[in-house]
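Spelled out from the first residue to the last, the chains are:
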Amino acid sequence: MTDSKYFTTTKKGEIFELKAELNSDKKEKKKEAVKKVIASMTVGKDVSALFPDVVNCMQTDNLELKKLVYLYLMNYAKSQPDMAIMAVNTFVKDCEDPNPLIRALAVRTMGCIRVDKITEYLWEPLRKCLKDEDPYVRKTAAVCVAKLHDINAQLVEDQGFLDTLKDLISDSNPMVVANAVAALSEIAESHPSSNLLDLNPQSINKLLTALNECTEWGQIFILDCLANYMPKDDREAQSICERVTPRLSHANSAVVLSAVKVLMKFMEMLSKDLDYYGTLLKKLAPPLVTLLSAEPELQYVALRNINLIVQKRPEILKHEMKVFFVKYNDPIYVKLEKLDIMIRLASQANIAQVLAELKEYATEVDVDFVRKAVRAIGRCAIKVEQSAERCVSTLLDLIQTKVNYVVQEAIVVIKDIFRKYPNKYESVIATLCENLDSLDEPEARAAMIWIVGEYAERIDNADELLESFLEGFHDESTQVQLQLLTAIVKLFLKKPTETQELVQQVLSLATQDSDNPDLRDRGYIYWRLLSTDPVAAKEVVLAEKPLISEETDLIEPTLLDELICYIGTLASVYHKPPSAFVEGGRGVVHKSLPPRTASSESAESPETAPTGAPPGEQPDVIPAQGDLLGDLLNLDLGPPVSGPPLATSSVQMGAVDLLGGGLDSLIGGTNFVAPPTAAVPANLGAPIGSGLSDLFDLTSGVGTLSGSYVAPKAVWLPAMKAKGLEISGTFTRQVGSISMDLQLTNKALQVMTDFAIQFNRNSFGLAPAAPLQVHAPLSPNQTVEISLPLSTVGSVMKMEPLNNLQVAVKNNIDVFYFSTLYPLHILFVEDGKMDRQMFLATWKDIPNENEAQFQIRDCPLNAEAASSKLQSSNIFTVAKRNVEGQDMLYQSLKLTNGIWVLAELRIQPGNPSCTLSLKCRAPEVSQHVYQAYETILKN
């Protein structure tokens, strides 16, 4: 009879009956009772009340009964730790049982009972089992060390278990070696800094010997361990590759992928001139092809890994195109992945075959798959120039089918073909225009509008076509609106007399009637360009565009190298590094491929360069449409210009100046005004025109070393609002120089480069005094600290609040905007001390209504301490007197723009509050000066 009878529901009073049966003298009855307890536990009933009775059953020679009792113990020991201690003696006794199965069972169960009280009894039996004569016990004990380390790492280190584990790597039994490697790898993962797996050629040799004889999961542990080893030269790398290669023919796909990972990693060190390198490439193809005959889920995992391998070394599978042809019964996720790999492998040799397949796919019933197939035809045209003509005619045939979604995808890819091969296939424009009315998807509409705008001079009724889109301008998506605005401006620059009304209409729609800031900004930029300098407008808008490359979705090289090190893991399926999706306290180590040897570097052949791009050149990427506005920041991000003011243009724009006057300098038009030279603070002591290096030469002209209070860094731009870029910062003033201290953190998955920064006009003319210098590309999860020098000679505009600063930061991904409040004390200059007579005269001269009073609470400082603290932030005490037991400090400070602020600070000894009176000709600064006082005195 089967054990299913134990799972049938029983009557009330069951626990009481089980208790009686567990205490029965008959062995069979005891065993039946324990089985019933385990069955109840499995279906979720609480049988913890039987703990002492079940523990009593441990004293038995019956292995089956012992296993059942141990199973119960593992489940309930955590909720009954005091009871679990009763079982310790039996564990210790079982660890010395003559039967190795019982010894192993005891040590395995003790490792699974995660109770601190029991842990201290476990280490002595574990030490014996690690040196047991039976390999089965040793391999079980090795895994137990990893479990124990998870509960109490300090104990494992103190008891020397890690050294014993390292010794087990030299064990004569391959399964013990594999488990020791698995345990050490597990421990090393939670302690990335510790060098536990200190591999050397001798230990690598032992691992390779064990590799042939252990189980498949043991092989995976050993191969993963080998992948973390760095061979000392190419000969050692070749020797390891030769001994790992036989694993490629293993039946388990996980073993195959682990072997591929080791070989892909060590191939980096092999010279391409070696005969062995070519042999290895040939050996890698068959196992990868074999993986594609498994069930769909395994196929998908294999295809995601193959996608990475093909991007790194396309030559491995260049002759295996046919295996990636789609089968009619493949699930959609497999079809789409195969399609992607087909494009990556497409070359002049196989393009005819690929195109015939793709044309077939474009007539399938699955809409998503058809769209991807049509897009793939366009990618082939861009990738293999010789096939472009054939691809275009295939796309035209598909357009003739009049299937709506096929037509729309075809128009999107033809736009890209025009960008790759300008002035070559424009004869098809007429056919495209015929299908204008059927376009209802934003991407297709935007592509068609781009084509009409780009080739407006060849299309007689271009203005009518664009006007038809303009009728429902506000109902269009942003993508279409932006494209339409640009297309009509292009049309106006090509046919100015006929389209003046049209361009005014679109500019008015984009600027006055739109809520979208991107659209509005682009509209204003075009408006100003066209109204000030049409010639410059022509050069900007009708400039020659860079050719595009096909590999727009290549994984960034450093990320690809890291993912190659994770072949056969989740990271290789997600195409993301583990740090992007593994949460928790465990540190994730960034892996990278070994550096290429000099010989393999020189042997880099043109075949391995991305197809379609000359060797050594990185393929350009099609910029997304949102990037066009971002490119503005590229135009002028140098240090401020010092020189005679240029003549300003009389043309004024009626529209609001969104970029706060910075636009003229961005575009470099005639109405650019250089900051006046006289505004450079004299105390910087540098001659005008001596350049930035002198400007911030701290040894010249500045008398006292001043270190004002620096607030801790705060997050100004969170990563979620800036596509992974997090910006924290604070402001400092040191020795007369103001700096913005920034901390940039890359929380995205791609490298960030080409940083630049710009400020909007602000109340005190703060502006970067030098470009934003990020010397090396910012890798994922990397943080860089930068001190950006600031000047106060920028454009001035009163902000609300007064100390508000609006900042734009650009990198290779996008442009990001944020605003922050700077503390006013960074603007307090070093020569802000008035003499007494001047102070008295000025105080009387300033009207009484300009006086403001504030209370500073919780500030238990005496007059000396307060005066010294304030002086370090350039608030100077002019005089001090005592009136009726109150200390009165008379102080002065001067802002960078020449505004003086006079203060009277009343301090009552023993009273934690003090009174501050401020007088100033510009009373709006008083509130911010009070905040500065409060900040300085309380920190």
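Source: prediction; values computed, not measured.

Peer 1: Is there a simple way to think about a negative patch on the surface in this case?
Peer 2: A surface patch of negative charge is lined by E464, E467, E471 and E501. In this structure, E501 sits in helix α28 (residues 500–511).

Peer 1: Please explain the nonpolar core as it appears in this structure.
Peer 2: Buried together is how nonpolar side chains tend to be arranged in soluble globular proteins. By size, the foremost hydrophobic cluster in this structure holds 215 residues, and its most contacted members are Y72, V244, L358 and F418. Counting residues in hydrophobic clusters, the runner-up holds 63 residues, among them I738, L772, Y933 and I936.

Peer 1: What is the right way to read helix α38 (residues 863–871) from this model?
Peer 2: At 3.6 residues per turn, the α-helix brings residues three or four places apart onto the same side. For α38, the full list of buried residues reads A863, A866, S867 and L870. For α38, the buried positions fall inside an angular range of 100° around the axis, keeping them on one side. Residues E864 and S868 are exposed on α38 and point more than 90 degrees away from its buried face. The secondary structure elements touched by the buried residues of α38 are β10 (876–883), β11 (886–894), β12 (900–907) and α39 (926–938). Sitting at the head of α38, N862 places a side-chain oxygen 3.3 Å from the backbone nitrogen of E864.

Peer 1: How do you make sense of the sheet that holds strand β3 (residues 737–746) when you look at a structure like this?
Peer 2: Within a beta sheet, neighbouring strands are joined by backbone hydrogen bonds and run either parallel or antiparallel to one another. Across the sheet, which stays open at both edges, the 5 strands sit in the order β1-β2-β3-β6-β5 with antiparallel pairing between neighbours. One side of each edge strand has no neighbouring strand; the edge strands of this open sheet are β1 (714–717) and β5 (767–768). Of the pairings in the sheet, the one linking strand β2 (residues 725–734) to β3 comprises 10 bridges and is antiparallel in character. Considered in β3, the bridge of R733 is made with I738.

Peer 1: Explain the pairing of strand β4 (residues 756–759) to me, please; I cannot follow it from the model alone.
Peer 2: On a regular strand, each side chain points to the face opposite its neighbour's, so the side chains alternate between the two faces of the sheet. The alternating pattern of β4 places A756 and Q758 and I757 and F759 on opposite faces, both of which are buried. Alignment of β4 against strand β7 (residues 804–810), held across 4 bridges, turns out to be antiparallel. Its bridge partner being in β7, F759 is matched across the sheet by V807.

Peer 1: Before we go on, may I ask you to explain the side chain of R419 in this structure?
Peer 2: Relative to the assigned elements, R419 resides in helix α23 (residues 404–420). No salt bridge forms around the buried R419; measuring N to O, its nearest opposite-charge neighbour D416 is 6.2 Å away. Polar side-chain contacts of R419 include one of 3.3 Å to the backbone oxygen of P546.

Peer 1: What's the story with the pattern of salt bridges in this structure? I'm lost.
Peer 2: Taken as a whole, this structure holds 32 salt bridges when the rule is applied. Measuring nitrogen to oxygen at the nearest pair gives 3.5 Å for the salt bridge that ties R344 to D340. Here D340 and R344 lie together in helix α19 (residues 332–345), a separation of 4 residues that amounts to about one turn. By relative accessible area, R344 is classed as buried at 8%. Between D831 and K894 there is a salt bridge; the shortest N-O distance is 3.7 Å. Taken together, the residues span a long stretch of sequence, with D831 in the loop between β8 (815–821) and α37 (836–845) and K894 in strand β11 at a distance of 63 residues. Since its relative accessible area comes to 19%, K894 is described here as buried.

Peer 1: Which parts of the structure should I look at to understand the state of the cysteines?
Peer 2: In a disulfide, the sulfur atoms of two cysteines are covalently bonded to one another. For the structure shown, the criterion picks out 0 disulfides. In this structure C380 is a free cysteine whose sulfur lies 5.5 Å from that of C391, the closest cysteine sulfur available.

Peer 1: Would you mind going over the sheet that holds β12 with me for this structure?
Peer 2: Pairing is antiparallel across the open sheet formed by 5 strands, whose spatial order is β9-β13-β12-β11-β10. Edge positions in the open sheet fall to β9 (851–856) and β10, since each of these has one partner strand only. On average, adjacent strands in this sheet sit at an angle of 20° to one another, irrespective of strand direction. As judged from the 7 bridges shared by β10 and β11, these two strands associate in the antiparallel manner.

Peer 1: What is the right way to read unusual backbone geometry from this model?
Peer 2: In most cases, non-glycine residues show a negative phi, while peptide bonds are predominantly trans. Look at the link from E800 to P801: it is a cis peptide, with omega at -10°. Along the chain, P801 turns up in the loop between β6 (783–791) and β7. Positioned with a positive phi, K723 is a non-glycine residue whose angle comes to about 50°. Assignment of secondary structure puts K723 in the loop between β1 and β2. Although it is not a glycine, D858 sits at a positive phi angle of roughly 50°. Position of D858 among the secondary structure elements: in the loop between β9 and α38.

Peer 1: I keep staring at the packing of aromatic side chains and nothing clicks. Help me out?
Peer 2: To describe a pair of aromatic rings, you give the distance between the ring centres and the angle between the ring planes. Going through the model one piece at a time under the given rule, you end up with 13 aromatic pairs. With centroids separated by 5.2 Å and ring planes inclined at 40°, the aromatic side chains of Y361 and F369 adopt a geometry described as tilted. With a relative accessible area of 3%, Y361 lands in the buried category. Grouping aromatic residues by their ring pairs yields a cluster made of W716, F731, F764, F818 and Y822. Sitting over the ring of F369, K335 keeps its end group 5.2 Å from the ring centre.

Peer 1: Whenever I open this one, the confidence of the model for the protein chain confuses me. Can you help?
Peer 2: Low-pLDDT stretches of the model should not have their predicted coordinates read in fine detail. Averaged over all residues, the pLDDT of the protein chain is 79; the fraction at 70 or higher stands at 85%. Of all the helices and strands in the protein chain, helix α36 (residues 692–695) carries the lowest mean pLDDT, 30, while β5 carries the highest, 93. Residue range residues 598–706 is modelled with pLDDT below 50. Its contacts to residues more than four positions away, or to other chains, number 140 contacts.

Basis of the calculations
Residues numbered from 1 in each chain as written. Predicted model: local features only at pLDDT ≥ 70, side-chain atom pairs only at ≥ 80, totals over all residues. Heavy atoms only, no water. Patch = residues over 30% accessible without salt bridge, like charges linked within 9 Å, V, L, I, M, F, W, Y side chains within 5 Å. Areas by Shrake-Rupley, 256 points an atom, 1.4 Å probe, with all protein chains shown as cover. Salt bridge = Lys/Arg side-chain N within 4 Å of Asp/Glu carboxyl O. Lys, Arg positive; Asp, Glu negative; His and termini not counted. Charge placed at Lys NZ, Arg CZ, Asp CG, Glu CD. Helix = DSSP H or I, 4+ residues; strand = E, 2+ residues; numbered from the N terminus. Core = buried A, V, L, I, M, F, W, Y, C linked by side-chain atoms within 4.5 Å. Buried < 20%, exposed > 50% of the residue type's maximum accessible area, 1.4 Å probe, protein only. Arc of directions from axis to C-beta. Contact = heavy atoms within 4.5 Å. Polar contact = N/O pair within 3.5 Å; in protein donor to acceptor, adjacent residues only side chain to side chain. Pairing = 2+ DSSP bridges. Disulfide = S-S within 2.5 Å. Axes fitted to C-alpha atoms, helices over the stretch in contact; angles between N-to-C directions. Phe/Tyr/Trp six-rings, centres within 6.5 Å; stacked < 30°, edge-to-face > 60°. Lys NZ or Arg CZ within 6 Å of the ring centre and 35° of its normal. pLDDT = per-residue confidence, 0-100.

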